[in-house]
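Notes for the structure review
Each chain, letter by letter, is given below.
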Amino acid sequence: MSLWISPAAWIEANQSIKHLIRSHNAGLETAKNIAENIQEKLILLFPFLEDLCSLTCPWCPDHCCSHAKVWIDFRDMIFLHLRSIQVPPYQLIDDMKKNCRYLGSKGCTLDREMRPWICTLYLCPTQMNIARKQGSNRHEFLIRIIEEIKTERKKMEDEFIKITS
Ligand code: SF4
Ligand code: SF4
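This report concerns the structure included in the present document. (Residues numbered from 1 in each chain as written. Chains lettered and ligands numbered in written order. Predicted model: local features only at pLDDT ≥ 70, side-chain atom pairs only at ≥ 80, totals over all residues.)

1. Observations regarding the overall build of the protein chain
Summing up its helical and strand segments, the protein chain has six helices and two strands in all. Scanning the protein chain from its N terminus toward the C terminus, one meets helices and strands in the order α-α-α-β-β-α-α-α. Against the 2.2 N^0.38 benchmark of 15 Å for 165 residues, the protein chain shows a C-alpha radius of gyration of 17 Å, consistent with a compact globule. Oriented by its inertia axes, the alpha-carbon framework of the protein chain measures out at about 50 × 35 × 25 Å. Look at the contacts in the protein chain between residues 6 or more apart in sequence, and 78% of them connect residues 24 or more apart. (Helix = DSSP H or I, 4+ residues; strand = E, 2+ residues; numbered from the N terminus. Rg over C-alpha atoms; globule rule 2.2 N^0.38 Å. Contact = placed C-beta atoms within 7 Å.)

Pasting the structure below:
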């Protein structure tokens, strides 16, 4: 598995994906539609996550991002390119011993759409408890939409590989 942690590898990976999309533009219509569906679902999900974060993260004694080892993976990268969303200038980490370079003093400095799915997906135990207490409709919505995005990300990747390989 490549993490593209060096700046050169990051640039090369992004250029390769851009090139693949340009060369297979017409054939990638289905992958682009799936990516659009994912983006629409993320837009529905983000307000719930913002709400949970505002209730928990400012008082957190042990910020998860300060010890997470996470990175933008292939699915994240093709999603960003298929939707023409700005790609972060560097991979999240440049050394497995270091933490995410995008963690600022007030939390994540990346727009939500630019973050890897693993960052969006992660609800810590405190947040899960709050989501449960906010009512079954809200909790079920969160679980359902997360499952739908997971499934669509896999479909998007399969379709991308089928067309470009
Ligand atoms: S998601 Fe949970 S663990 Fe992470 S910073 Fe927020 S409250 Fe803390
Ligand atoms: S990208 Fe943002 S949310 Fe993800 S680990 Fe880095 S600081 Fe945290």
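Still more to cover.
2. Some remarks on the nonpolar core
The biggest cluster of nonpolar side chains holds twelve residues, and these are Leu28, Ala31, Ile34, Ala35, Ile38, Ile78, Phe79, Leu80, Leu82, Ile149, Met156 and Phe160. For this core, the elements supplying multiple residues, two or more each, are α2 (29-56), α3 (74-82) and α6 (136-164). For Ala35, the contacting residues outside a window of four places in its chain are Phe79, Leu82, Arg83 and Met156. (Core = buried A, V, L, I, M, F, W, Y, C linked by C-beta atoms within 7 Å. Buried ≥ 20, exposed ≤ 12 C-beta atoms within 10 Å, placed from the backbone.)

3. Details of the site of ligand 1
Taken together, the neighbourhood of ligand 1 is formed by Cys53, Thr56, Cys57, Cys60, His63, Cys64, Cys124, Thr126 and Gln127. Where the shell around ligand 1 is concerned, the elements lending two or more residues are α2 and α5 (125-133). Across the shell around ligand 1, the residue classes break down as five nonpolar, four polar and no charged. (Near = placed C-beta within 6 Å. Nonpolar A, V, L, I, M, F, W, Y, C, P; charged D, E, K, R; others polar.)

4. Comments concerning the packing of α2 against α5
For the pair α2 and α5, the least separation of the axes is 10 Å and the interaxial angle reads 115°. Judged by the twist between their axes, the crossing of α2 over α5 is right-handed. Across the interface between the two elements, Leu52, Leu55 and Thr56 of α2 pack against Thr126, Gln127, Ile130 and Ala131 of α5. Here the contact of α2 with α5 is built from residues that sort into four nonpolar, three polar and no charged. (Axes fitted to C-alpha atoms, helices over the stretch in contact; angles between N-to-C directions. Left-handed = near helix turned anticlockwise from the far one by under 90°.)

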